[in-house]
Amino acid sequence: MEIQFENLEEAELIVNCIYKGGTAPNISAEPFHKLIPGCENAGGFRKKLREDGSGKYAYIILYTSMKEVEWPDFLEEETGIFQYYGDNREPGRVLTDTKKKGNLILKTTFDLLNEGNHLEDIPPFFVFKNTGNGRDVQFLGLAAPGNSEISTGNDLIIISKNIKEKTFENYKAYFTILDTGSMPISKEWIRKLIYDHKNNLKYAPEAWKKFIKNGRDGIEALKIPKHSNQINKKDITSIRILPNDKNTFKKQSDFKYFIENTMIKRRGIYYFPNLMMNCPKNTLVLFQYDGKIQAVGVIVDSKKEKIINEQGVEYSGYYKFDIQTLKYLDKPVNKEMLKSVYSLFKNFNQIKQIIPIEYLDRILDLLQDYCLNNTNDEYRIILEIENSELTGAEKKALVKIRINQGIFRDKLLKRYKRCCLCGVRNPALAIASHIKPWLACKVEEKLDIENGFLMCPNHDKLFDEGWISFDNNGRIMISDRLQENDMVYMNIRGDMKIDITDKNRAYLEFHRRCVYKK
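Numbering of residues begins from 1 in every chain and follows the order in which that chain's sequence is written. Where local features are concerned, this predicted model is filtered to residues with pLDDT of at least 70; where side-chain atom pairs are given and counted, the filter is 80 or more; whole-chain, interface and lining totals use all residues. Note: side-chain values were computed over all heavy atoms of the structure, leaving out hydrogens and water.

Participant: In this structure, what is going on with the overall build of the protein? I would like to understand it.
Facilitator: Counting secondary structure elements, the protein contains 14 helices and 21 strands. Burial classes: relative accessible area under 20% of the type maximum marks a residue as buried, over 50% as exposed, and values in between as partly exposed (1.4 Å probe, protein chains only). Considering the protein as a whole, with its 518 residues, one finds that 50% of them fall into the buried category. Residues count as neighbours in contact if any of their non-hydrogen atoms are within 4.5 Å of one another. In the protein, of all internal contacts separated by at least 6 residues, the share reaching a separation of at least 24 is 65%. Per-residue and other accessible areas were derived by the Shrake-Rupley procedure at a 1.4 Å probe size, with only the shown protein chains allowed to occlude residues. For the protein, the accessible surface area stands at approximately 25700 Å², while carbon and sulfur atoms represent 48% of it. Only DSSP runs of H or I with at least four residues qualify as helices, and only runs of E with at least two residues qualify as strands; both kinds are numbered from the N terminus onward.

Participant: Please clarify how the side chain of glutamine 353 should be interpreted in this entry.
Facilitator: In this fold, glutamine 353 is placed in strand β17 (residues 353-355). A polar side-chain atom of glutamine 353 sits 2.7 Å from the main-chain carbonyl oxygen of asparagine 347. Filtering out sequence-adjacent residues up to four positions away, glutamine 353 remains in contact with Ile239, Arg240, Ile241, Phe345, Asn347 and Phe348. Each polar contact in these results corresponds to two N or O atoms within 3.5 Å; when the atoms are within protein, one needs to be able to donate a hydrogen and the other to accept it, and residues that are neighboring in sequence are counted only if both atoms are side-chain atoms.

Participant: Just checking my understanding: could you explain the packing of aromatic side chains for this structure?
Facilitator: Each aromatic ring pair is described using two quantities: the centre-to-centre distance and the angle formed by the ring planes. Aromatic rings from Phe, Tyr and Trp, taking only the six-membered ring of Trp, are treated as a pair when their centres fall within 6.5 Å; an angle between ring planes under 30 degrees marks them as stacked, one over 60 as edge-to-face, and anything in between as tilted. Tallied over the entire structure, the rule returns 31 aromatic pairs. Ring plane angle 55° and centroid distance 6.3 Å describe the contact between tryptophan 71 and phenylalanine 168, whose orientation is recorded as tilted. Highlighted residues: tryptophan 71 in the loop between β4 (57-64) and β5 (74-76) and phenylalanine 168 in strand β10 (residues 166-177), separated in sequence by 97 residues. Taken together, the aromatic side chains of Phe32, Tyr59, Tyr63, Phe126, Phe128, Phe139, Trp189, Trp208 and Phe211 make up a single cluster linked through ring pairs. Definition used: whenever NZ (Lys) or CZ (Arg) falls within 6 Å of the ring centre and also within 35 degrees of the ring normal, the charge is taken to sit over that ring. Sitting over the ring of phenylalanine 5, lysine 34 keeps its end group 5.0 Å from the ring centre.

Participant: Please clarify how the nonpolar core should be interpreted in this entry.
Facilitator: As a rule of thumb, soluble globular proteins bury nonpolar side chains together. The term nonpolar core refers to a set of buried residues drawn from Ala, Val, Leu, Ile, Met, Phe, Trp, Tyr and Cys, joined through side-chain atoms within 4.5 Å. Counting residues in hydrophobic clusters, the biggest one holds 56 residues, and the most contacted among them are Leu13, Tyr19, Phe126, Phe128, Phe175 and Trp208. Dropping the residues within four chain positions of it, phenylalanine 175 is found in contact with Leu62, Gly80, Ile81, Phe82, Tyr84, Leu106, Phe110, Phe125, Ala143, Ala144, Pro145 and Gly146.

Participant: Is there a simple way to explain the pattern of salt bridges in this structure?
Facilitator: A side chain with one charge may pair with a side chain of the opposite charge, provided their charged atoms come close. Put simply, a salt bridge is a Lys or Arg side-chain nitrogen that is within 4 Å of an Asp or Glu carboxyl oxygen. Taken as a whole, this structure holds 24 salt bridges when the rule is applied. In this structure, glutamate 9 and lysine 34 form a salt bridge, with 3.7 Å as the shortest nitrogen-oxygen distance. Taken together, the residues glutamate 9 in the loop between β1 (2-3) and β2 (18-19) and lysine 34 in helix α1 (residues 32-35) connect sequence positions 25 residues apart. Looking at lysine 34, the relative accessible area reads 17%, which means it is buried. Put simply, Arg50, Asp52, Lys56 and Asp121 are held in one network by salt bridges that share partners.

Participant: Is there a simple way to explain the side chain of lysine 48 in this structure?
Facilitator: Turning to its location among the elements, lysine 48 is positioned in strand β3 (residues 45-49). A polar contact is formed between the side chain of lysine 48 and the side chain of glutamate 51, at a distance of 3.4 Å.

Participant: Just checking my understanding: could you explain the environment of methionine 490 for this structure?
Facilitator: When you line up the elements, methionine 490 lands in the loop between α13 (484-489) and α14 (502-514). Apart from residues no more than four positions distant in its own chain, methionine 490 is found in contact with Asn458, His459 and Leu462.

Participant: Any chance you could explain helix α3 (residues 187-195) here in plain terms?
Facilitator: Because an α-helix completes one turn every 3.6 residues, residues spaced three or four positions apart along the sequence face the same direction. Along α3, the residues that are buried comprise Lys187, Trp189, Ile190, Lys192, Leu193 and Ile194. Structurally, α3 contributes buried residues whose contacts are with α1, β3, β4, β7 (125-130), β8 (137-145) and α4 (206-214).

Participant: Hey, could you run me through a positive patch on the surface in this one?
Facilitator: Positive charge collects at one region of the surface, where Lys414, Lys417, Arg418 and Arg425 lie side by side. Inspection of the secondary structure puts lysine 414 in helix α10 (residues 407-416). Owing to a relative accessible area of 68%, lysine 414 belongs among the exposed residues under this scheme. Exposure above 30% relative accessible area and the absence of a salt bridge qualify a residue for a patch, where like charges join within 9 Å and nonpolar side chains (Val, Leu, Ile, Met, Phe, Trp, Tyr) within 5 Å. Neither His nor the chain termini are counted; the positive set is Lys and Arg, and the negative set is Asp and Glu. For charged residues, the charge sits on one atom: NZ in Lys, CZ in Arg, CG in Asp, CD in Glu.

Participant: So what exactly am I meant to see when it comes to unusual backbone geometry here?
Facilitator: Trans is the common state for peptide bonds, and a negative phi is the common state for residues other than glycine. For histidine 118, which is not a glycine, the phi torsion comes out positive at approximately 55°. Within the secondary structure, histidine 118 is located in the loop between α2 (102-115) and β7.

Participant: When you look at the environment of asparagine 473 in this model, what are you seeing that I'm missing?
Facilitator: Its location among the elements puts asparagine 473 in the loop between β20 (468-470) and β21 (476-478). The exposure class of asparagine 473 is partly exposed, given its relative accessible area of 41%. Once you skip the residues sitting within four places of it in the chain, asparagine 473 turns out to touch Lys497, Ile498 and Ile500.

Participant: What am I meant to see in α4 here?
Facilitator: Buried residues of α4: Ala207, Trp208, Phe211 and Ile212, and no others. Burial along α4 is one-sided: seen end-on, the buried residues are contained in an arc of 135°. Away from the buried face of α4 by more than 90 degrees, exposed residues Glu206 and Lys213 are located. On the buried face of α4, the contacting elements are α2, β8 and α3. Count one or two residues on from α4 and you reach glycine 215, which has phi positive near 65°. To be clear, the arc concerns the directions from the helix axis to the C-beta atoms.

Participant: What is the right way to read the environment of methionine 487 from this model?
Facilitator: Here methionine 487 lies in helix α13. Judged by relative accessible area, which is 19%, methionine 487 ranks as buried. When residues no more than four places from it in sequence are discounted, the contact partners of methionine 487 are Ile478, Leu482 and Ile492.

Participant: What exactly am I supposed to notice about the pairing of β3 here?
Facilitator: Sheet faces and side chains relate simply in a regular strand, where the side chains alternate between the two faces. Among the five residues of β3, four are classified as buried, and the element is accordingly described as predominantly covered. At least two bridges found by DSSP between two strands are what make those strands a pair. Bridge count for β3 against β4 is five bridges, and the pairing is antiparallel. Bridging across to β4, lysine 48 finds its partner in tyrosine 59.

Participant: So what exactly am I meant to see when it comes to the pairing of strand β14 (residues 292-308) here?
Facilitator: Two elements, strand β13 (residues 283-289) and β14, share seven bridges in a ladder whose sense is antiparallel. Residue pairing for β14: phenylalanine 287 is matched across the bridge by alanine 295. Hairpin connection from β13 to β14: two residues lie between these consecutive antiparallel strands, with aspartate 290 at a positive phi of about 55°. In terms of strand pairing, β14 meets strand β16 (residues 327-333) through three bridges, oriented antiparallel. Counterpart to isoleucine 293 in the pairing with β16 is valine 333. As paired strands, β14 and strand β15 (residues 314-321) are joined by seven bridges and run antiparallel to one another. Across the sheet, residue serine 302 finds its bridge partner in β15, namely tyrosine 319.

Here you go:
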């Protein structure tokens, strides 16, 4: 869903909605000052004080691009946990002495949370992401500090950075996107936060009320199941080919964007302009475009009546797809390939085409080679990193971001379920750590599960930079360059050990030889 710039003053906050920026060549094109009463127009932290003279904040906006390799903000949609870095991002200042006071806001907020007193003084955090299209922004949700699965003291972490041989500190904070249900966040609540704070909870979402009442234990996260691209054949009731013509999508890239972006933003809604096919619930749809099957998905609902979409265009109805099954194929299925599994097929055309359900297994087997596994996702990650223009430390940071957003980390989580060294179980703190560094790997080694351990942030940092390694029996090796007090702070001891496989040993030999600080 998108809301145009000229309509922002009346718009409410809807999760995943895109709010369009203006066309002016200056800051007046920013959407925030029109969308949210009293909002600042610059910075990652955008704040508004209450009008009661208390000096306390009414609300905070957290704004991110999620593309800074040195400061990788990240939303883990399966848990609702949002990782956000503070605003002390250059040497020369102490931790909380920043221009926008972002780090001071973080410290004050998490102190209130962990003390458990005066929770009503914690401001709501509205999280927005730059879409990459001009000044357009996407609302990710209402966030509360902390998470019920993250212990006190681990939700606001001080990290050290070294830039141009100067060391400085910044915060890494963990928030939770709250499940506010289907109702939008009202402008009335935001106004009450500013002008009548003592009565604001009457207008607040239920999820925020529960957080203010119960603190960390009252957090109810918005969790979105991981997009698995898996189709359960037991549920499929019919198979249809759905034609998409070039009058609707001028280029193949337009159709691809529609499947991978527009359909997801619409929560699986596909508006149908003319007569609709009779598709029962759980119909497997093969999207045909330009004489080939280009995408697949499963219909879970449909509606046949005149309907007007968000742009004011009239349609004859819609299909609703399960977005977890929507997939644009890496390789299209042409006529000959389809005939190889369904011999009665003749040609693609612009009318409905039904494939008998007894051919389902053959159709799924055919698709399996194109979209219903993760191999292509793995190699897309490899290509993205290898084709990047980044070098050195920036490329290394990109590797860390993409690997920890992808299926390499998922596989390690499934195998280990905890930090291999210390046993920390919280998945939000789990990092996929390469044994043999990415930049030194052959293609087949880059995402090999045997070339990775699951570690907590502290132990990942030590292993990644060579302060520790492991011998062929899994016993820890600690660099002589690491001071004893650092060992205590980083929770490592000489008697620690991890379980390793035979295939791990080959990668560990490289780590000891080329990464470990002897």
